[in-house]
Amino acid sequence: MQQPVIVGGNRIPFARSDGPYAEASNQDMLTAALDGLVARFGLQGERLGEVVAGAVLKHPRDFNLTRECVLGSALSSETPAYDIQQACDTGLQAAVAVANKIALGQIDAGVAGGVDTTSDAPLGLNDDLRRTLLAARRAKSTVERVKLLGRLRPSQIVPDIPQNAEPRTGLSMGESAAITAEQWGITREAQDELAAASHQNAAKAWERGFFDDLVTPYLGLKRDMNLRPDSTVEKLAKLRPVFGDPEKGTMTAGNSTPLSDGASTVLLATEEWAKERKLPVLARFAAAETAAVDHVHGGDGLLMAPVYAVPRLLARQNLTFDDIDLFEIHEAFASQVLATLKAWEDEQFCRERLGLDGPLGTIDRAKLNVAGGSLAMGHPFAATGGRMVAQTAKLLAERGGGRALISICAAGGQGVVAILEA
């Protein structure tokens, strides 16, 4: 088995929805991130094993999105590419796909990535209108077409706007997270503390130049737009709840990720391939696990799948939390991170739901999201995984050793987790 390694990554700064990337498409942004990666590692004209990426919100024009981005990039057009989609897990699952092919010896190098824009969200036809237009296309005569179109009413012209809701529950991700927060007793103060730490850690990382070789400017934006270096618990405490009870709710715009636009890429390869090109090796992609929970009938929260995936992964690798030096947990909501940590510390939950002998363990907060997370940087759904893999690999390289655990929750009650080793 080959050992897949992470050479490096590139992304564009993440922007708030309807901001500087309002006119940029998924293809525009992913191509920009990919070309930045190509330029950084001198891959112009090179044929790679494959490029795997995807988007959660896609237009019909985004058919074969990743392949079109490769064709529009400086990579060789002979580089194969395909799309993947697993909600917010997309970017990390793409990295798993590339790493697995490298491990099996099928390819020597590949790129994983993701992109999303809520500014340019697709609008669908009202279903009544769509069915009428299809019937008109099948009509045998002009008279028949006119009769069909004559049945249209103003209410049928209204477009279908994408809804931030789970198809089987009708609840938005924030509403689902609010239920979980209440179930686990997650306080407003704890959420605001986590959010403030995310901004402060990210700001320090930007100031010391940590992101200089991970991010390329795009459309005038040089840093993540959502970053608030002066964020404090006191300032966050002034915000009103946006999910849950309007008065007693604990989740605000400050401790929840904003709607975001952006793209990310990460280059994986064999160590030999990297050495031949005198490229760096930041970390090894050691292992991964995917899990899902029944968020409809099973009693688990929508975003709780990583709670189950992590102990399975650690057991398979014969590791415990004591063996992990960095924890990179996706901050979809501060409450979700805290509920996850609390579940791993709860003896009854770990025994009854995870099948363990006792609590999985407690995570040292000094090891958690040390260069900031999604609350500070934003969360363009499919782009978050690539950001986290590249960011975490560089953190390990800086340390000169150690292991890191990456955990991402996603819509549909799913989650993907991975271990990187320096």
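Residues numbered from 1 in each chain as written. Predicted model: local features only at pLDDT ≥ 70, side-chain atom pairs only at ≥ 80, totals over all residues. Heavy atoms only, no water.

S.K.: An account of the overall build of the protein chain is needed here, citing residue identities and associated values.
M.R.: In terms of regular secondary structure, the protein chain is built from 14 helices and 12 strands. A compact globule built from 422 residues should have a C-alpha radius of gyration of about 22 Å, and the protein chain, at 22 Å, falls within 12% of that. Along the three orthogonal principal directions, the C-alpha set of the protein chain runs to about 75 × 55 × 40 Å. Counting every position in the protein chain, which comprises 422 residues, the buried fraction comes to 56%. (Helix = DSSP H or I, 4+ residues; strand = E, 2+ residues; numbered from the N terminus. Rg over C-alpha atoms; globule rule 2.2 N^0.38 Å. Buried < 20%, exposed > 50% of the residue type's maximum accessible area, 1.4 Å probe, protein only.)

S.K.: Pulling in residues and values, what's your account of the layout of surface pockets?
M.R.: There is about 250 Å³ of room inside the second largest pocket. Around the second largest pocket, the lining comprises 14 residues; the ones closest to its centre are His199, Arg228, Leu236, Leu239 and Gly254. Considered class by class, the residues forming the lining of the second largest pocket number 5 nonpolar, 5 polar and 4 charged. (1 Å grid on protein atoms, 1.4 Å probe; cavity = no way out; pocket = protein on both sides within 12 Å on 5 of 7 lines; lining within 4 Å. Points joined across faces, edges and corners; volume = space filled by probe spheres on them. Nonpolar A, V, L, I, M, F, W, Y, C, P; charged D, E, K, R; others polar.)

S.K.: Pulling in residues and values, what's your account of the pairing of strand 10 (residues 326–329)?
M.R.: Here strand 10 shows no split at all, with Leu326 and Glu328 on one side and Phe327 and Ile329 on the other all buried. Bridge count for strand 10 against strand 11 (residues 403–410) is 4 bridges, and the pairing is parallel. Residue Glu328 lies in a different strand from strand 11, and its bridge partner there is Ile406. (Pairing = 2+ DSSP bridges.)

S.K.: Lay out the nonpolar core in plain terms, naming residues and giving numbers.
M.R.: Core analysis: the biggest nonpolar cluster contains 58 residues, and Ile6, Leu92, Phe211, Leu268, Phe285 and Leu420 have the highest contact counts within it. Element by element, the count of residues in this core is highest for helix 3 (residues 90–103), at 8 residues. Residues Tyr308, Val310, Leu319 and Leu354 belong to the second largest nonpolar core, which totals 40 residues. (Core = buried A, V, L, I, M, F, W, Y, C linked by side-chain atoms within 4.5 Å.)

S.K.: Which residues make up the environment of Lys367, and what values go with them?
M.R.: One can find Lys367 in the loop between helix 12 (347–352) and helix 13 (374–377). Counting along the chain gives 40 residues from Lys367 to Phe327, while the straight-line C-alpha distance between them is 5.8 Å.

S.K.: Break down the pattern of salt bridges for me, with residues and values.
M.R.: What the rule picks out here adds up to 19 salt bridges. For Arg11, the salt bridge identified is with Asp224, shortest N-O distance 2.7 Å. On the criterion of sequence distance, the pair formed by Arg11 in strand 1 (residues 4–11) and Asp224 in the loop between helix 7 (188–207) and helix 8 (233–236) is long-range, its members being 213 residues apart. Relative accessible area serves as the criterion here: at 4%, Asp224 is assigned to the buried category. One salt bridge connects Glu247 with Arg240, and the closest N-O pair in it is separated by 3.3 Å. Through salt bridges with shared partners, a single ionic network connects Glu46, Glu276 and Arg277. (Salt bridge = Lys/Arg side-chain N within 4 Å of Asp/Glu carboxyl O.)

S.K.: Outline the environment of Val56, supporting the account with residue identities and numerical values.
M.R.: Mapped onto the elements of the fold, Val56 is located in the loop between strand 3 (50–53) and helix 2 (65–71). For Val56, a relative accessible area of 25% gives the class partly exposed. A sequence separation of 327 residues divides Val56 from Ala383, and the C-alpha atoms of the two residues are 9.5 Å apart. Sequence-distant contacts of Val56, that is, excluding residues within four places in its chain, are made with Gln85, Ala87, Cys88, Thr90, Val115, Asp116, Phe381 and Ala382. (Contact = heavy atoms within 4.5 Å.)

S.K.: Kindly report on the side chain of Ser172, identifying the contributing residues and their values.
M.R.: Within the secondary structure, Ser172 sits in the loop between helix 5 (142–149) and helix 6 (173–183). Given the relative accessible area of 9%, Ser172 is considered buried.

S.K.: Can you explain the packing of aromatic side chains? Please cite residues and give values.
M.R.: By the definition in use, this model includes 8 aromatic pairs. Between the aromatic rings of Tyr21 and Tyr218, the centroid separation amounts to 5.1 Å while the plane-to-plane angle is 65°, which identifies the pairing as edge-to-face. Here Tyr21 is found in the loop between strand 2 (15–16) and helix 1 (26–41), whereas its partner Tyr218 is found in the loop between helix 7 and helix 8, with 197 residues between them in sequence. An identical accessibility class is assigned to Tyr21 and Tyr218; each is buried. Consider the rings of Tyr308 and Phe349, whose centres lie 6.1 Å apart with planes at 65°: the pair is edge-to-face. Of this pair, Tyr308 sits in helix 10 (residues 305–316) while Phe349 sits in helix 12, and the two are 41 residues apart along the sequence. Considered together, Tyr308 and Phe349 belong to a single accessibility category, that of buried residues. Taken together, Trp184, Tyr308 and Phe349 form an aromatic cluster joined through their ring pairs. Just above the ring of Phe14 sits the side chain of Arg11; from NZ or CZ to the centre is 4.5 Å. Over the ring of Phe210 we find Lys394; its NZ or CZ atom is 4.7 Å from the centre of that ring. (Phe/Tyr/Trp six-rings, centres within 6.5 Å; stacked < 30°, edge-to-face > 60°. Lys NZ or Arg CZ within 6 Å of the ring centre and 35° of its normal.)

S.K.: Mind laying out the packing of helix 7 against helix 11 (residues 334–345), listing which residues take part and the relevant values?
M.R.: Contact geometry of helix 7 with helix 11 gives a least axis separation of 9 Å together with a crossing angle of 105°. Judged by the angle between their axes, helix 7 and helix 11 are roughly perpendicular. The residues of helix 11 that touch helix 7, namely those facing Ala190, Gln191 and Leu194, are Ala334, Ser335, Val337 and Leu338. (Axes fitted to C-alpha atoms, helices over the stretch in contact; angles between N-to-C directions. Parallel < 35°, antiparallel > 145°, perpendicular 65-115°, else oblique.)

S.K.: Can you lay out the side chain of Gln86 for me, pointing to particular residues and giving the numbers?
M.R.: Mapped onto the secondary structure, Gln86 falls in the loop between strand 4 (81–83) and helix 3. Its relative accessible area of 12% is what places Gln86 among the buried residues. At 2.7 Å, the side chain of Gln86 and the side chain of Gln93 are in polar contact. Setting aside anything within four residues of it in sequence, one finds Gln86 in contact with Gln93, Thr290, Ala410, Gln414 and Val416. (Polar contact = N/O pair within 3.5 Å; in protein donor to acceptor, adjacent residues only side chain to side chain.)

S.K.: Would you mind going over the packing of helix 4 (residues 127–138) against helix 5 in detail, with residue names and values included?
M.R.: Each pair of packed helices can be summarised by the angle the axes make with each other and by the distance between the axes. As a packed pair, helix 4 and helix 5 sit with axes 8 Å apart at the nearest point and diverge in direction by 170°. The pairing of helix 4 with helix 5 is recorded here as roughly antiparallel in orientation. Along the contact surface, helix 4 presents Thr132, Leu133, Ala135 and Ala136, while helix 5 presents Arg145, Leu148 and Leu149. Broken down by class, the residue content of the contact of helix 4 with helix 5 amounts to 5 nonpolar, 1 polar and 1 charged.

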